[in-house]
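Chain and residue survey
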Amino acid sequence: YQRRVREAVVSTQSTGINGYDFFTTSQSSDLPINKAPASRAMDGNKSGEYKKDESCSHTGAATNNWWKVDLHKPYFISSVRIHNRRDCCQDRLDGAEVFVGEKKCGTIVFESGKYAYDLDCGYVGDYVKVVQNNNELTLCEVQLHGLAMGSVI
């Protein structure tokens, strides 16, 4: 007996729309002017136009920044896709590390002209965290691919 399980997008939004679970986002600090809360990184808007669309999260500190989504239960996360901003400052994402729980999926290596970064994970965790110790952290969309533990889709 063999079950067929297909991969699904865990969430493209933190609002629970279209049957997705409710997730809680947070970040190390907020930008003092033009607050750009953590929830913007999971609002479904991948445009990357921080100023025009107001759809990116942005920390307020120059170093030691993080962004986190609490999944509230264990998920098998097969991959994470990070959408970078397009209007400026794309190199700020260089060196950011992505974790599922305490396990590191990988490190983003900036490439000029590239606006989405895919990291293979293959880990189970109840949160996903992006850490940028060397610069400000701006995330225009974070997409998680995987399954809730115990789910068959």
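Details of the structure are given in the entry above.
Residues numbered from 1 in each chain as written. Predicted model: local features only at pLDDT ≥ 70, side-chain atom pairs only at ≥ 80, totals over all residues. Heavy atoms only, no water.

**Considerations on the overall build of the protein**
- Secondary structure summary: the protein contains one helix and nine strands in total.
- Reading the helices (α) and strands (β) of the protein from amino to carboxyl end gives β-β-α-β-β-β-β-β-β-β.
- Counting all 153 residues of the protein, 45% fall into the buried class.
- Put simply, of all contacts in the protein between residues at least 6 apart along the chain, 76% involve residues at least 24 apart.
- For the protein, the accessible area works out to roughly 7,900 Å², and carbon and sulfur atoms hold 45% of it. (Helix = DSSP H or I, 4+ residues; strand = E, 2+ residues; numbered from the N terminus. Buried < 20%, exposed > 50% of the residue type's maximum accessible area, 1.4 Å probe, protein only. Contact = heavy atoms within 4.5 Å. Areas by Shrake-Rupley, 256 points an atom, 1.4 Å probe, with all protein chains shown as cover.)

**Let's talk about the state of the cysteines**
- For the structure shown, the criterion picks out three disulfides.
- Residue pairing for Cys88: its cysteine sulfur links by disulfide to Cys89, the two sulfurs lying 2.2 Å apart. An S-S torsion of about -65 degrees defines the bridge between Cys88 and Cys89 as left-handed.
- Cys105 shares a disulfide with Cys121; S-S distance 2.2 Å. In this structure the cystine formed by Cys105 and Cys121 twists about its S-S bond by roughly 120 degrees; its chirality is therefore right-handed. With Cys105 in strand E6 (residues 103-107) and Cys121 in strand E7 (residues 116-132), this pair connects stretches of sequence that are 16 residues apart. Here the two residues Cys105 and Cys121 agree in accessibility, since each one is buried. (Disulfide = S-S within 2.5 Å.)

**Overview of the pairing of strand E5 (residues 97-100)**
- Summarising the sheet, E5 and E6 pair through four bridges and their orientation is antiparallel. From the neighbouring strand, Val100 faces E6, where its bridge partner is Lys103.
- Across four bridges, E5 lies against E7 in antiparallel orientation. Considered in E7, the bridge of Glu97 is made with Val131. (Pairing = 2+ DSSP bridges.)

**What about the pattern of salt bridges?**
- Within this structure, the stated rule accounts for five salt bridges.
- Between Arg92 and Glu136 there is a salt bridge, with its nearest N and O atoms 3.6 Å apart. Separated by 44 residues along the polypeptide, Arg92 in the loop between strand E4 (65-83) and E5 and Glu136 in the loop between E7 and strand E8 (138-139) bring together distant segments of the chain.
- Between Glu97 and Lys104 there is a salt bridge, and its shortest N-O distance comes to 2.9 Å.
- Take Glu97: its relative accessible area is 22%, and that puts it in the partly exposed class.
- Note on Lys104: relative accessible area 39%, which makes it partly exposed. (Salt bridge = Lys/Arg side-chain N within 4 Å of Asp/Glu carboxyl O.)

**Notes on the pairing of E7**
- Here E4 pairs with E7 via 14 bridges, running antiparallel. If you follow Ile82 over to E7, its bridge partner there is Tyr117.

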